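Coordinate inspection notes
Below are the chains, spelled out letter by letter.
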Amino acid sequence: MDRVAIIGASMTQFGDRDAWVRALLAEAGDAALDDAGATAATSTTSTFRTWRAASSRDRPASRTRSLTT
Amino acid sequence: MASGEFEGQTGVPNALAHDLNALPAYTQRVDQTSASGGAGIYAAWQSVASGASDLTLLVGGEKMTHKTTGEATDVIASLTHPVEYKHGVTLPSFAGLTARKYLDEYDAPRESLGKVAVKNHRNGTDNPHAQFRKEVDLETVLESPVVADPLRLYDFCPITDGSAGLVFCPESVAQEYTDDYVVVSGVGGATDTHVVHEREDPTTMGGVVESSNVAYEMADRGPEDVDVAELHDMFTILEFLQSEDLGFFEKGEGWKAVEEGVTDRDGDLPINTSGGLKSKGHPLGASGVAQAYEIYQQLLGDAGARQVDATVGLACNVGGFGNCVTTTILEQP
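Structural notes, computed from the coordinates. From a predicted model like this one, the values you see are computed outputs, not experimental measurements.

If you tally the helices and strands in chain A, you get one helix and one strand. With 69 residues in all, chain A has 39% of them scored as buried. A total accessible area of about 4600 Å² is found for chain A, and carbon and sulfur atoms account for 48% of it.

See the structure below:
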């Protein structure tokens, strides 16, 4: 089994912060990805990629059921 | 994390993925109270080790300071057994009772607990992200107001806002991103009794023993191999209990290690070089992640004034009063 690596890490200022939790999480998430060199927009992995809405029209016809009526 | 309780907001992970432009990455929230960060490390490790993910972002965070101390303590106390909660038991209550028993059973001086606070505050002065960057002397600790006898104000961590993050991937592709990385060589989790007084020995944290046994075995390491450790010093007494239950010191001798300076930054086994929860602060969901952040920095040589000589580091994250525990061992590649 391949070992697991930690390639980026971050910690924001701890204490009495004005920001709510959603902003605090985004701050740490952005910083950790930046530290790893793996921003959501530039990563080539399947986990993080530039997002576009998935469409059922993209699914091959061979994977859908044929209707008889 | 416990943001649902502190802010009345749910679905935070989904919102975070949106905010980071990480769609359609799958998200999940990990709730293990104060051990949520460590449990998140376990979940992130599982996601990559299993092959389910080739890049996993773990973020822990909490917003707590908008609540009063009483309100925040009550949110945390809700994890206790209903019968204990009904009688007004909070985690500080457990800490006071356990500290009293520990001091009596192992003939430890009250001052030794105070020296944990002095040490960790001293370490925290060199942590730019710490909530308190201020040294305290032993006299100040011992004369602070009693909270849960024999523990006083300076035996407790503060209420804190903050966050921390980690990025995981298979080691085989780590160098595609960076040359500066560490390896999760061991990780283990365990659960102890919900009712604290059902434990055979309240001065032993079974979850710490069990989770560290798993982590040591996975890493093919033992307590003697650990160069630096971050322990869950939500209360000063917990640093004694964990340092013994992780096998660093014999049962009942953790206090002597602090007295002799073994756990100082220049000691044989530096503990809580970050300042610990005591000085750094304790935003519940962030704490376990921030522990690993400190070990990561130490192993990469990026800890600045806090730097110690280390190739193997350990983080122990405790939820409840040892109800759930994760132990993580990180190493240089």
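What follows covers the overall build of chain B. A count of helical and extended segments in chain B gives 14 helices and eight strands. Computed over its C-alpha atoms, the radius of gyration of chain B comes to 19 Å, within 12% of the 20 Å expected for a compact globule of 333 residues. With the C-alpha coordinates of chain B rotated into their principal frame, the extents come out at 55 × 45 × 40 Å. Within chain B, the proportion of its 333 residues that are buried is 61%.

Turning our eyes to something else, we now look at the pattern of salt bridges. Residues and elements named next belong to chain B. In total, this model carries 18 salt bridges over all chains according to the counting rule given. Put simply, Arg-122 and Asp-264 hold a salt bridge, and the shortest N to O gap is 3.5 Å. Of this pair, Arg-122 sits in helix α7 (residues 110–124) while Asp-264 sits in the loop between α12 (254–259) and α13 (276–280), placing them 142 residues apart in sequence. Here Asp-264 falls in the buried class, since its relative accessible area comes to 18%.

Contact with chain A, which involves 43 residues of that partner, is made by 64 residues of chain B. Across the chain A to chain B interface the summed buried area is about 4800 Å²; carbon plus sulfur atoms make up 64%. The interface formed by chain A and chain B contains two salt bridges. Residue Arg-22 of chain A pairs with Asp-19 of chain B through a salt bridge whose shortest N-O separation is 2.7 Å. Put simply, chain A and chain B have 20 residue pairs in polar contact (both at pLDDT 80 or more) between them. Contributions of two or more residues to the side of chain A that touches chain B are made by β1 (4–11) and α1 (21–36) of chain A. Two strands pair when backbone bridges link them, and β1 of chain A and strand β5 (residues 182–191) of chain B are joined in this way by three bridges, in the antiparallel orientation. In the strand pairing of β5 of chain B, Ala-5 of chain A is matched with Val-183 of chain B.

Our focus in this paragraph is the nonpolar core. All names here are of chain B. One finds Tyr-102, Phe-235, Ile-237, Phe-248 and Leu-314 to be the most contacted residues of the largest nonpolar core, which totals 53 residues. Looking at this core, the elements with two or more residues in it are α4 (69–77), α6 (91–105), α7, α10 (206–219), α11 (236–245), α12, β7 (312–319) and β8 (324–331). Here this core gets six residues from one element, more than from any other, and that element is α6. Discounting residues that sit within four places of it in the chain, Phe-248 has contacts with Tyr-216, Pro-223, Val-226, Ala-229, Leu-231, Ser-243, Leu-269, Ile-271 and Leu-314.

Conventions and cut-offs
Residues numbered from 1 in each chain as written. Chains lettered and ligands numbered in written order. Predicted model: local features only at pLDDT ≥ 70, side-chain atom pairs only at ≥ 80, totals over all residues. Heavy atoms only, no water. Helix = DSSP H or I, 4+ residues; strand = E, 2+ residues; numbered from the N terminus. Buried < 20%, exposed > 50% of the residue type's maximum accessible area, 1.4 Å probe, protein only. Areas by Shrake-Rupley, 256 points an atom, 1.4 Å probe, with all protein chains shown as cover. Rg over C-alpha atoms; globule rule 2.2 N^0.38 Å. Salt bridge = Lys/Arg side-chain N within 4 Å of Asp/Glu carboxyl O. Contact = heavy atoms within 4.5 Å. Buried area = accessible area lost by both parts, 1.4 Å probe. Polar contact = N/O pair within 3.5 Å; in protein donor to acceptor, adjacent residues only side chain to side chain. Pairing = 2+ DSSP bridges. Core = buried A, V, L, I, M, F, W, Y, C linked by side-chain atoms within 4.5 Å.

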